[in-house]
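Coordinates in review
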Amino acid sequence: MVKHKIVLLFPATVVEQPFLYHLVKDYNLIINVLKANINPRKEGTLVLELAGDKENYDSGIHFLESRGVKTVPLEQQIVWNEERCTQCGACTVICPTSALEMIRPEMTVTFNGEKCIACGHCLKACPARAVEEHY
Ligand code: SF4
Ligand code: SF4
């Protein structure tokens, strides 16, 4: 059994197709939708936790890629630039999963991509633009 958080990027041409249905029915995968931004006839993004037998998981990812859906590991989507970070702590107050966290008593900020659900709150909160969204 494998379990990963991934971001699916749908081009406008395929955004209305029932990909999640096929992942469940054809590849026996367990899906937990963490975030969705799907607009009819426009590009869409979906953040998922996807779990299942490794062979089925790999086949499901291959199915998505073969239909034009790009898949990106979630930890690659939100990128924290430590050098640009001023350690102000604003993001750590609003991060719902403590992916961005203030370590005490050192009072230094750290980022754990495994905990991040790509909600985007930190992007708006950061005055130094030290957090970026990468596709
Ligand atoms: S995108 Fe959301 S979960 Fe991820 S680090 Fe930023 S605030 Fe936290
Ligand atoms: S809001 Fe930006 S500058 Fe402040 S701690 Fe977070 S990443 Fe660093």
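Since this is a predicted model, take the numbers as computed values, not measurements. (Residues numbered from 1 in each chain as written. Chains lettered and ligands numbered in written order. Predicted model: local features only at pLDDT ≥ 70, side-chain atom pairs only at ≥ 80, totals over all residues. Heavy atoms only, no water.)

1. Side note on the environment of L50
Here L50 shows up in strand β3 (residues 44-52). Overall, the relative accessible area of 0% leaves L50 in the buried class. A sequence separation of 59 residues divides L50 from V109, and the C-alpha atoms of the two residues are 29 Å apart. (Helix = DSSP H or I, 4+ residues; strand = E, 2+ residues; numbered from the N terminus. Buried < 20%, exposed > 50% of the residue type's maximum accessible area, 1.4 Å probe, protein only.)

2. Focus on the sheet that holds β3
Taken in spatial order, the 4 strands line up as β2-β3-β1-β4 in an open sheet, and their pairing is antiparallel. The two strands at the open ends of the sheet, each matched to only one other strand, are β2 (30-37) and β4 (70-73). Looking at each pair of strands side by side, their axes are set apart by 25 degrees on average, direction ignored. Relative to β3, strand β1 (residues 2-10) runs antiparallel, the two sharing 9 bridges. The partner of I6 across the bridge, within β3, is L48. Contacts from helix α2 (residues 54-66) reach β1, β3 and β4, with the element oriented near 5 degrees to β1. (Pairing = 2+ DSSP bridges. Axes fitted to C-alpha atoms, helices over the stretch in contact; angles between N-to-C directions. Contact = heavy atoms within 4.5 Å.)

3. Considerations on the site of ligand 1
C95, C116, C119, G120 and C122 are the nearest of the 13 residues found near ligand 1. Here the shell around ligand 1 is built from residues that sort into 10 nonpolar, 3 polar and no charged. (Near = heavy atom within 4 Å. Nonpolar A, V, L, I, M, F, W, Y, C, P; charged D, E, K, R; others polar.)

4. Points about the pairing of strand β6 (residues 100-103)
Burial of β6 is one-sided: the residues L100 and M102 facing one way are buried, the residues E101 and I103 facing the other way are not. For β6 and strand β7 (residues 108-111), the ladder comprises 4 bridges, and the chain directions are antiparallel. Within β7, the residue paired with E101 across the bridge is T110. What sits between β6 and β7 in their antiparallel hairpin is a turn of 4 residues, with M107 showing a positive phi close to 60 degrees.

5. Observations concerning the site of ligand 2
By nearness alone, 14 residues border ligand 2, and C85, C88, G89, C91 and C126 come closest of all. Of the residues contributing to the shell around ligand 2, the split by class is 11 nonpolar, 3 polar and no charged.

6. Points about the nonpolar core
In this structure, V7, W80, L100, V109 and V131 are the most contacted members of the largest nonpolar core, which totals 20 residues. Elements with a minimum of two residues in this core: β1, β5 (78-80) and β6. In terms of domain composition, this core takes at least three residues from each of domain 1 (2-76) and domain 2 (80-133). Setting aside chain neighbours within four positions, we find V131 in contact with I78, V79, W80, L100, C122, L123 and C126. I6, F19, L48 and L50 belong to the second largest nonpolar core, which has 18 residues in total. (Core = buried A, V, L, I, M, F, W, Y, C linked by side-chain atoms within 4.5 Å. Domains from an automatic or database assignment.)

7. Some details on the domain arrangement of the protein
Structurally, the protein comprises domain 1 (2-76) and domain 2 (80-133). Here domain 1 and domain 2 have C-alpha centroids that lie 26 Å from each other. For the pair domain 1 and domain 2, the two sides together bury roughly 540 Å², of which 51% comes from carbon and sulfur. When residues of domain 1 are sorted by the area they lose upon contact with domain 2, K35, L74 and E75 head the list and together hold 67% of the total. One can count 0 salt bridges joining domain 1 with domain 2. Run the count over domain 1 and domain 2 and you get 2 residue pairs in polar contact (both at pLDDT 80 or more). Broken down by class, the residue content of the side of domain 1 that touches domain 2 amounts to 3 nonpolar, no polar and 3 charged. (Buried area = accessible area lost by both parts, 1.4 Å probe. Salt bridge = Lys/Arg side-chain N within 4 Å of Asp/Glu carboxyl O. Polar contact = N/O pair within 3.5 Å; in protein donor to acceptor, adjacent residues only side chain to side chain.)

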